[in-house]
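What follows is the residue order along each chain.
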Amino acid sequence: MGWLVVQGGSGSGQDSGSGSDSAADSAAGSRQGVQESGPGRAGYLACARLVAEGTVAEVEPVPGTGQDRVTLDVDRYYKPAKGQDRVVFPMDEDAAPEPRPGERVLVGITRGQAQPDLWKAGEKEIAPERARIVAALPESGTLPCE
C-alpha cells in the first residue's frame, strides 16, 4: 500500500508513462527550480511530494533494474503533514550513503519523481536539514512549484 501512496504522486492525474513535450519541459523546469532552491528551502518544499523522517525497515534489490526497493517506517512527516506509517520507493543501488536497515534517514521526493533527491542518513547529517525544513515549511505553503 505504501508503494502505491508514494508512486501516486501529487494526484495531478498525469500518467508517468504518457505526456507531451510541454509536460516534459514543465517537469524539467520544476527540477531546475528545485535545484536552484536547494533542499530544505521553501522552494524545494513547495515542489516536494514527500519529505519525511524515519527508519529504514527493509532494502530489497529489484532484479535487472540497478535499483533497490527501500521501505521506510515513517515517524515524522514534513510534507505532506501526515501519511502512511510505511512508505516504499526505488533508489539506485549505488546511492550514497547506501540505505541500511535500522538506519535513521531523512528523505525528500519531488513531484513527478519516484526516487529521492534528498537523502540524509544519521543524526549528524539529518539535524541541519531538519532545521532548514522546519524553518522553511510556513513559507513553502505560499509558494507555487516552479
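On a predicted model such as this, the values are computed, not experimentally measured, just so you know. (Residues numbered from 1 in each chain as written. Predicted model: local features only at pLDDT ≥ 70, side-chain atom pairs only at ≥ 80, totals over all residues. Heavy atoms only, no water.)

**Some words on unusual backbone geometry**
Phase 1 of the analysis: The step from K79 to P80 runs through a cis peptide bond, and the omega angle for that step is -10°.
Phase 2 of the analysis: Residue P97 is bonded to the preceding A96 through a cis peptide linkage, with omega at -5°.
Phase 3 of the analysis: Within the secondary structure, P97 is located in the loop between β3 (86–92) and β4 (104–110). (Helix = DSSP H or I, 4+ residues; strand = E, 2+ residues; numbered from the N terminus.)

**Side note on the environment of Q115**
Phase 1 of the analysis: By secondary structure assignment, the location of Q115 is in the loop between β4 and β5 (118–121).
Phase 2 of the analysis: Once the C-alpha coordinates of Q115 and V88 are considered, the two residues, 27 residues apart in sequence, prove to be 10.0 Å apart.
Phase 3 of the analysis: Excluding anything up to four places from it in sequence, Q115 contacts Q67, P90, M91, D92 and I109.
Phase 4 of the analysis: At 3.0 Å, the side chain of Q115 forms a polar contact with the backbone nitrogen of D92. (Contact = heavy atoms within 4.5 Å. Polar contact = N/O pair within 3.5 Å; in protein donor to acceptor, adjacent residues only side chain to side chain.)

**What about the state of the cysteines?**
Note: disulfide means a covalent bond formed between the sulfur atoms of two cysteine side chains.
Phase 1 of the analysis: On inspection of all chains with the given rule, the structure shows one disulfide.
Phase 2 of the analysis: The residue that forms a disulfide with C47 is C145, at a sulfur-sulfur distance of 2.1 Å. Here C47 and C145 share a disulfide; its torsion about the S-S bond, 115°, makes the bridge right-handed. With C47 in helix α3 (residues 42–47) and C145 in the segment after α4 (123–140), the pair connects residues that are 98 residues apart, well separated along the chain. (Disulfide = S-S within 2.5 Å.)

**A word on the pairing of strand β2 (residues 67–79)**
Phase 1 of the analysis: Judged from the 11 bridges that link them, strand β1 (residues 48–62) and β2 form a sheet pairing that is antiparallel. Paired with P61 across the strands is D68, a residue of β2.
Phase 2 of the analysis: Following β1, the chain reverses through four residues before pairing antiparallel with β2; G64 in that reversal takes a positive phi of roughly 75°.
Phase 3 of the analysis: Note: β2 against β3, seven bridges, orientation antiparallel. Directly across from L72, in β3, lies its bridge partner V87.
Phase 4 of the analysis: Linking two consecutive strands that pair antiparallel, namely β2 and β3, is a turn of six residues. (Pairing = 2+ DSSP bridges.)

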